[in-house]
Amino acid sequence: GAMASLSAVVGAKISYAVLGGGSGSAALMLVITIAAGAVLGMVSGLIYVTLRIPPIITSLGVTLIYEGVLYTITSGKYVMTEVQNSSMSGFVGTCIYAAIIIAVVLVLSILLFGYDYNALKNGQKVAVNTGIKEIPNAIGCYGICGALMGIVGFLNAARSTTINGGQLNFGSISIMFTAFLPMFIGSYISRYSNEKLGFLLAAVCMSLLNSTFAVLSNVVTASMQSIINAVLLMAFLIYLNNE
């Protein structure tokens, strides 16, 4: 979450400084945001492989640092002017660009996360003993995931036309929680298909559910949506645990 927000702010600030929100600023912001996310991800990966501490501890520490940097850049305020322009409005005005991004990310994920990644994920010690280079793969994975979080930050900024710069004390983690239910559903679907395709189908399912909530916004409030999502997550975890 911190990577998504910080990379989006960096992309928004630089693209606005260059083009002033004019034509092409959305495309430029997307490119810069992806690059910034990749750099932030690799920094996190370097900290992990250098200090050799558990990934969860690395993630928590990096989150606090990135949130602090985000707060410093934005002075704790919402970033609005940089993302509220005709170029960004044109991007979210059609589903074509989002569909292209999804297709490209799906193909690259299938190609980049290959045998070495799966070997390290399922048996790190054995994979290293067979000659797979653990450290370059780890840093590369962190960098790719950071770039993906940059895309998340860009899409969130384009959709909401604002970026919250005052997220401190793990306030940015809420972005991550939105992916919990799709992640578990995707893991289940991937038993019967490609893992990346399973996550895509799970995300589509959640998007359809959220679209239903939007249509029924007069009946289903935001708090009720959160409760329903939490119940669905709990029910699915219970089902998986008792299979």
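Residues numbered from 1 in each chain as written. Predicted model: local features only at pLDDT ≥ 70, side-chain atom pairs only at ≥ 80, totals over all residues. Heavy atoms only, no water.

Peer 1: So what exactly am I meant to see when it comes to the packing of aromatic side chains here?
Peer 2: Each aromatic ring pair is described using two quantities: the centre-to-centre distance and the angle formed by the ring planes. Per the counting criterion, the structure on display carries seven aromatic pairs. Consider the rings of Phe 91 and Tyr 97, whose centres lie 5.6 Å apart with planes at 15°: the pair is stacked. The class of Phe 91 is buried, set by a relative accessible area of 11%. By way of ring pairs, the aromatic residues Tyr 188, Tyr 192, Phe 236 and Tyr 239 are connected into one cluster. (Phe/Tyr/Trp six-rings, centres within 6.5 Å; stacked < 30°, edge-to-face > 60°. Buried < 20%, exposed > 50% of the residue type's maximum accessible area, 1.4 Å probe, protein only.)

Peer 1: Please explain the side chain of Ser 5 as it appears in this structure.
Peer 2: Inspection of the secondary structure assignment puts Ser 5 in helix H1 (residues 2–19). Looking at Ser 5, the relative accessible area reads 5%, which means it is buried. Discounting chain neighbours no more than four positions away, the residues touching Ser 5 are Leu 70, Ile 163, Gln 167 and Ile 175. (Helix = DSSP H or I, 4+ residues; strand = E, 2+ residues; numbered from the N terminus. Contact = heavy atoms within 4.5 Å.)

Peer 1: Honestly, the layout of surface pockets in this entry has me stumped. Any pointers?
Peer 2: Here the idea is plain: a probe the size of a water molecule rolls over the atoms and shows the empty space left. One number sums up the size of the second largest pocket: a volume of about 200 Å³. What lines the second largest pocket is a set of 14 residues, among which Val 104, Val 105, Leu 108, Leu 148 and Ile 151 lie closest to the centre. Where the lining of the second largest pocket is concerned, the elements lending two or more residues are helix H2 (25–51), helix H5 (96–112) and helix H8 (134–160). Tallying contributions element by element places H5 first for the lining of the second largest pocket, with seven residues. In terms of residue class, the lining of the second largest pocket is built from 13 nonpolar, one polar and no charged. (1 Å grid on protein atoms, 1.4 Å probe; cavity = no way out; pocket = protein on both sides within 12 Å on 5 of 7 lines; lining within 4 Å. Points joined across faces, edges and corners; volume = space filled by probe spheres on them. Nonpolar A, V, L, I, M, F, W, Y, C, P; charged D, E, K, R; others polar.)

Peer 1: What should I look at first to understand H8 in this one?
Peer 2: Every α-helical turn comprises 3.6 residues, leaving residues that sit three or four positions apart pointing alike. If you check H8, its first and last C-alpha atoms are 39 Å apart, about what 27 residues at 1.5 Å a residue would give, namely 39 Å. When H8 is considered as a whole, its buried residues turn out to be Ala 138, Ile 139, Tyr 142, Gly 143, Gly 146, Ala 147, Gly 150, Ile 151, Gly 153, Phe 154, Ala 157 and Ala 158. Buried residues belonging to H8 abut H1, H2, helix H3 (55–74), helix H4 (86–92), H5 and strand E2 (163–164). After H8 finishes, the residue Thr 161 shows a positive phi value of roughly 55°. (Expected span 1.5 Å × (residues − 1).)

Peer 1: Help me understand the environment of Thr 72, please; the structure alone is not making it clear to me.
Peer 2: Along the polypeptide, Thr 72 turns up in helix H3. The exposure class of Thr 72 is exposed, given its relative accessible area of 61%. Sequence separation of Thr 72 and Gly 165 is 93 residues, and the distance between their C-alpha atoms is 8.5 Å. Of note is the side chain of Thr 72, whose polar atom sits 2.8 Å from the backbone oxygen of Gly 68. (Polar contact = N/O pair within 3.5 Å; in protein donor to acceptor, adjacent residues only side chain to side chain.)

Peer 1: Sorry if this is basic, but what is going on with the packing of H2 against H3 here?
Peer 2: Helix packing geometry: the angle between the two helix axes and the distance between the axes. Direction vectors running N to C along H2 and H3 enclose 135°, while the axes themselves pass 10 Å from each other. Classed by the angle they form, the pair H2 and H3 counts as oblique. Here H2 and H3 pass one another in a crossing that is right-handed. On the side of H2, the interface is formed by Leu 40, Val 43, Ser 44, Ile 47 and Tyr 48, while H3 contributes Pro 55, Thr 58, Val 62 and Tyr 66. Residue composition of the contact of H2 with H3, by class: seven nonpolar, two polar and no charged. (Axes fitted to C-alpha atoms, helices over the stretch in contact; angles between N-to-C directions. Parallel < 35°, antiparallel > 145°, perpendicular 65-115°, else oblique. Left-handed = near helix turned anticlockwise from the far one by under 90°.)

Peer 1: Explain the nonpolar core to me, please; I cannot follow it from the model alone.
Peer 2: The tendency in soluble globular proteins is for nonpolar side chains to be buried as a group. Of all hydrophobic cores here, the largest spans 23 residues; its most connected members are Met 29, Tyr 66, Val 83, Met 88, Phe 154 and Ile 163. Ranked by the residues each element gives to this core, the list is headed by H1, at six residues. When neighbours within four sequence positions are excluded, Tyr 66 is seen to be in contact with Ala 2, Met 3, Leu 6, Leu 40, Val 43 and Ser 44. (Core = buried A, V, L, I, M, F, W, Y, C linked by side-chain atoms within 4.5 Å.)

From the geometry alone we can't say anything about function, so treat these as descriptive.
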